[in-house]
Amino acid sequence: MNWRPGQLPLALSRTSASQRPPGEETTWNKSSYFAAIVCLMLFFGQSAPRHDTIQPSIALPSELDRVLTDYENAWRSGDSLKLASLFSEDGLVLSPGHPMVRGRREIEQFYSGAKGPLSLRAVLFAATGDIGYVGGGFSGQAGTPDRGKFTLTLRREASGRWLIVSDMDNGN
């Protein structure tokens, strides 16, 4: 069988070969094309379910809250050296659209020129021994909708100070 535009191959037609006279093929008319297009639009046009639920903020223990507060202050003032000092020596920054940034010196360079309003809020955290994490949202001002999300993986130094091992963020 030679398939031609406007014809439905026998294997895809609604009529079985035994019900159709030999050599007869099913053709698609305008309403068949329209129905197929509408079905495809409905199937592929559906957006992902929205998750507009705002996750409630939580209070962090003071030693973990200090990490977020120091991060906000360093960002707001444009102090990339102070920002980099919040990271472990082998720390990582995983930011969308950029290669992985590793080490304090590279982190300082990466954040050079970064400045502006920033408010971080925690929605979850855990700490066991010398390892912990904080996940949350960020915006330009406390009390405004999140512009993005972040996770900080933390490691406690022998002095008891928590440092960022990895900082991963993405926008909403």
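Now for a description of the structure that goes with this document.

Parameters at a glance
- Starting afresh in each chain, residues are numbered from 1 along the sequence in its written order.
- Only residues with pLDDT of 70 or above have their local features reported here, since the model is predicted, and side-chain atom pairs are shown and tallied only from 80 upward, although totals for entire chains, interfaces and linings are computed over all residues.
- Side-chain calculation: all heavy atoms of the structure are included, whereas hydrogens and water are not.
- Only strands that DSSP links by at least two bridges are regarded as paired with each other.
- Working definition: helices are DSSP H or I runs of at least four residues, strands are E runs of at least two. Numbering for both runs from the N terminus.
- Note on patches: the residues involved have over 30% relative accessible area and no salt bridge, like charges join within 9 Å, and the nonpolar side chains Val, Leu, Ile, Met, Phe, Trp and Tyr join within 5 Å.
- Exposure was quantified through the Shrake-Rupley algorithm and a 1.4 Å probe, taking into account, for residues, occlusion by the shown protein chains and nothing else.
- For this document, the term salt bridge refers to a Lys or Arg side-chain nitrogen within 4 Å of an Asp or Glu carboxyl oxygen.

Here we look at the sheet that holds strand β6 (residues 131–139)
Strand pairing in a sheet is mediated by backbone hydrogen bonds. Such pairs are either parallel or antiparallel. The strand order across the open sheet built from 6 strands is β4-β3-β8-β7-β6-β5, with neighbouring strands paired in mixed fashion. Because the sheet does not close on itself, it has two edges, and the strands there are β4 (101–102) and β5 (119–128). Sheet topology places β5 next to β6; 9 bridges connect them, and they run antiparallel. Directly across from A126, in β6, lies its bridge partner Y133.

Thoughts on the pairing of strand β8 (residues 162–171)
Relative to β8, strand β3 (residues 87–94) runs parallel, the two being bridged by 4 bridges. For L92, the partnering residue across the bridge sits in β8 and is S166. Here 9 bridges tie strand β7 (residues 148–156) to β8, and the two strands are oriented antiparallel to one another. Following the sheet pairing, L154 is matched in β8 by I164. In this antiparallel pair of consecutive strands, β7 and β8, the connection spans 5 residues, and G160 shows a positive phi of 100°.

Here we look at a nonpolar patch on the surface
Together, I58, L124, F125 and Y133 give the surface a local cluster of nonpolar side chains, amounting to about 330 Å² of exposed area. Tracing the chain through its elements places L124 in strand β5.

It is worth stressing that arrangement in space is one thing and function is another; only the former is reported here.
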